[in-house]
Amino acid sequence: MANKITVGHVHMSGCTGCLVSLADNYEGLFTILDNYADLVYCLTLADARHIPKMDVALVEGSVCLQDECSVEEIKETRERAAVVVALGGCAAYGNITRFCRGGQWNQPQHEGFVPIGDVIDVDVYIPGCAPCPQQIRNVCVMAYLLLKGTPEQQALAKAYLAPLMALASEGSKATSSEACGCDIMTKVINQGLCMGCGTCAASCPVFAITMEEGKPNINRDMCIKCGACYAACPRAFFSFDVVNQYENILGIIDGAMNPGGN
Ligand code: SF4
Ligand code: SF4
């Protein structure tokens, strides 16, 4: 289809789990590639060796500050992509790479890993370790509708992407680029916003959160700093814009993923 957008997957210091999560859309990924997006760059899946110009860059992994090639690669990505998405907890918040201290053979000097937002401006965050396949799919569809859709579709795409863009803008400030289970303590519970729903505990990939007397309790020694709990909490960055248009947004995504109408 001529009118597709171009998408690339850029692999920084990540584990490829975010790309696996994209692939976990199964037939949905083929629907996207058939109808909405050409994958123009992905070292895991294709032979293109140099970062091309593209509409959307899905960037996985953090940046090693002592690895000159990595720093150049992320800057090049920003120059060549219209929209940069931090795909997953490492790109968005550093995640497990926050614990790197260097000293390991054969690059003992590789000790500083930062989220991509510390080096470049980032447009959209998709947090999670691993990020949710459906959310990656939704962002790809919404990026297509934003760039190629009717004015009505563009408005819905903007509403859907707004909270994920707000997360990116918040996360890119040097003071808040690190995530932690403490975020739900300081930004939700301590603000009197927690309603004890347990979503944070269900979203934690390492079971660092337990519900005690109706409130979350964080085991900080277990937390891998992925940011999933804060992103999943319905009292964290509650967006009336999205919730009010929930049915329309779901309808547009369902329609896009079923283009034949069967
Ligand atoms: S508590 Fe769990 S979900 Fe929250 S940042 Fe830590 S590891 Fe991630
Ligand atoms: S997800 Fe948010 S509102 Fe729900 S229990 Fe956790 S902190 Fe409280």
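Residues numbered from 1 in each chain as written. Chains lettered and ligands numbered in written order. Predicted model: local features only at pLDDT ≥ 70, side-chain atom pairs only at ≥ 80, totals over all residues. Heavy atoms only, no water.

Chemist: What is the right way to read the side chain of Arg98 from this model?
Modeler: Residue position: Arg98 is located in the loop between α4 (89-93) and β6 (113-114). Of the polar contacts made by the side chain of Arg98, one reaches the side chain of Glu178; its length is 3.4 Å. Residues in contact with Arg98, not counting those within four places in the same chain, are Tyr93, Phe113, Val114, Pro115, Ser177, Glu178 and Lys225. (Helix = DSSP H or I, 4+ residues; strand = E, 2+ residues; numbered from the N terminus. Polar contact = N/O pair within 3.5 Å; in protein donor to acceptor, adjacent residues only side chain to side chain. Contact = heavy atoms within 4.5 Å.)

Chemist: Is there a simple way to explain the pairing of strand β9 (residues 215-218) in this structure?
Modeler: Each regular strand displays side chains that alternate between the two surfaces of the sheet. Taking every second residue as pointing to the same face, the buried face of β9 carries Pro216 and Ile218, while none of Lys215 and Asn217 on the other face is buried. Bridging between strand β8 (residues 209-212) and β9 involves four bridges; their strand directions are antiparallel. Note that in β9 the partner of Met211 across the bridge is Pro216. The turn linking β8 back onto β9 is made up of two residues, and Glu213 within it adopts a positive phi angle of 50 degrees. (Buried < 20%, exposed > 50% of the residue type's maximum accessible area, 1.4 Å probe, protein only. Pairing = 2+ DSSP bridges.)

Chemist: I would appreciate a short explanation of the domain arrangement of the protein in the present structure.
Modeler: By a widespread convention, an interface's size corresponds to the accessible area lost as its parts come together. When cut into domains, the protein gives domain 1 (5-176 + 242-257) and domain 2 (181-232). Counting residues at the interface gives 11 residues for domain 1, matched by 10 residues for domain 2. Taken over both partners, the interface formed by domain 1 and domain 2 buries close to 770 Å², and the fraction arising from carbon and sulfur atoms is 65%. Taken as a group, Asn95, Phe99 and Cys129 account for 41% of the area that domain 1 buries against domain 2, more than any other trio of residues on that side. Run the count over domain 1 and domain 2 and you get one salt bridge. Counting across the domain 1 and domain 2 interface gives three residue pairs in polar contact (both at pLDDT 80 or more). Looking at the side of domain 1 that touches domain 2, the elements with two or more residues in it are α4 and α6 (151-171). Residues of the side of domain 1 that touches domain 2, tallied by class, amount to six nonpolar, three polar and two charged. (Domains from an automatic or database assignment. Buried area = accessible area lost by both parts, 1.4 Å probe. Salt bridge = Lys/Arg side-chain N within 4 Å of Asp/Glu carboxyl O. Nonpolar A, V, L, I, M, F, W, Y, C, P; charged D, E, K, R; others polar.)

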